[in-house]
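Fold and contact review
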Amino acid sequence: MAYPPWLDPYDAEPFILFSTSHIVTISLITALIILLFLLRHRLRSWSERARRTLRIVLACVMFGCEIVLQLWYIYGGVWSLQTSLPLELCSLSLLLSALLLLTRSRLLHSALLFAGIAGALMAILTPNLGYGYAHFRFIQFFVAHACIILALLYMTWVEQLKPSWRSVAGSMIFVNVAALVVYVVDVMLDANYMFLRYKPSTPSVLDMLGPYPIYILGEEILALVLFSLMYVLLFAIPDRMNHRVKKGKSSAV
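All of these numbers come straight from a predicted model, not from anything done at the bench.

**Looking at a nonpolar patch on the surface**
Residues L217, I221, V225, L229, L233, L234, I237 and M241 make up a contiguous nonpolar surface patch of roughly 770 Å² in combined accessible area. By the element assignment, L233 lies in helix α8 (residues 214–252).

**Considerations on the nonpolar core**
Grouped burial of nonpolar side chains is what soluble globular proteins tend to show. The biggest cluster of nonpolar side chains holds 63 residues, and the ones touching the most others in it are L36, M62, L101, F114, F142, F174 and F227. Elements with a minimum of two residues in this core: α1 (20–38), α3 (48–75), α4 (89–103), α5 (106–125), α6 (136–157), α7 (165–189) and α8. Ranked by residues supplied to this core, first place goes to α6 with 15 residues. L7, L69, W72 and Y131 belong to the second largest nonpolar core, which has 6 residues in total.

**Regarding the packing of α3 against α4**
Orientation of α3 relative to α4, taken along the N-to-C sense of each, is 155 degrees, at an axis distance of 8 Å. In this view, α3 runs roughly antiparallel relative to α4, as classed from their interaxial angle. Crossing of α3 over α4 shows left-handed handedness. Contacts between α3 and α4 involve R55, I56, L58, A59, M62, F63, C65 and E66 from the former and S91, L94, L95, S97, A98, L99, L101 and L102 from the latter. Looking at the contact of α3 with α4, its residues break down into 12 nonpolar, 2 polar and 2 charged.

**A few points about the packing of aromatic side chains**
Applying the stated criterion across every chain, the model contains 16 aromatic pairs. Their ring planes at 80 degrees and their centres at 5.7 Å tell us that Y133 and F138 sit as a pair that is edge-to-face. Accessibility expressed as a relative area gives 58% for Y133, which makes it exposed. The rings of F15, Y133, F138, F141 and F142 are connected pair by pair, giving a single aromatic cluster.

**Quick notes on the side chain of H109**
Structurally, H109 is set in helix α5. A residue is classified by how much of its surface remains accessible, and H109, at 2% relative accessible area, is buried. Apart from residues lying up to four places away in sequence, H109 is in contact with L100, L152, M155, T156, L161 and P163.

**So, the environment of I117**
Tracing the backbone shows I117 in helix α5. Residues I117 and I149, spaced 32 residues apart in sequence, show a C-alpha to C-alpha distance of 5.1 Å. Contact partners of I117, with chain neighbours within four places excluded, come to L112, I149, L152, L153 and M230.

Reading the values: the criteria
Residues numbered from 1 in each chain as written. Predicted model: local features only at pLDDT ≥ 70, side-chain atom pairs only at ≥ 80, totals over all residues. Heavy atoms only, no water. Patch = residues over 30% accessible without salt bridge, like charges linked within 9 Å, V, L, I, M, F, W, Y side chains within 5 Å. Areas by Shrake-Rupley, 256 points an atom, 1.4 Å probe, with all protein chains shown as cover. Salt bridge = Lys/Arg side-chain N within 4 Å of Asp/Glu carboxyl O. Helix = DSSP H or I, 4+ residues; strand = E, 2+ residues; numbered from the N terminus. Core = buried A, V, L, I, M, F, W, Y, C linked by side-chain atoms within 4.5 Å. Buried < 20%, exposed > 50% of the residue type's maximum accessible area, 1.4 Å probe, protein only. Axes fitted to C-alpha atoms, helices over the stretch in contact; angles between N-to-C directions. Parallel < 35°, antiparallel > 145°, perpendicular 65-115°, else oblique. Left-handed = near helix turned anticlockwise from the far one by under 90°. Contact = heavy atoms within 4.5 Å. Nonpolar A, V, L, I, M, F, W, Y, C, P; charged D, E, K, R; others polar. Phe/Tyr/Trp six-rings, centres within 6.5 Å; stacked < 30°, edge-to-face > 60°.

Given below as structure tokens:
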């Protein structure tokens, strides 16, 4: 069967880490995050109906990212139980973040905030990806991971689901429970979802964390450090600074 070049699962331009297309994509995602931050107050002023519509549209895009991926696997004849189930951390974060947009669940927000953002950032910077621009898989991969970050930051900055140290603990619990369940599936299917049985073949941060199974312990420590730093730098310190500014203004009055 002859496939269009942008859908071909076998003969496609390989992904090159930090190539021009990769750097441009990282820059675009960064710009979207900055834009969301700058527009957070304006978006917050929208009516509940308008914000609900925005959340539904973004959730549909996120569910659509997984649906079209599964359809592409089937279309290309590459779907398999060992590699195609949505059991990677970012796949789980994508689907659950879409659900968060629809439910505004504080429990989901706490579980996903740091795990989802950190996992998606790692994936964007060091993708486990075999297809370069402008292959379908390249576009789907980066759109899906960008949506995870944007959805979680939207729920934090616009919908004002405030994180706390409990969110750090919630994300750690989510990652470990997910890993336990996925590892059982990995053993049953002889698969390697979440890279719990061996490292990916492409360069990744796991290469710096030692051999199997030491790198899994390294992931635990790295996750705890990253989640804690993200909370302190992105939320705790800015919130304290804002509180001091407001306190100073009220004292001046």
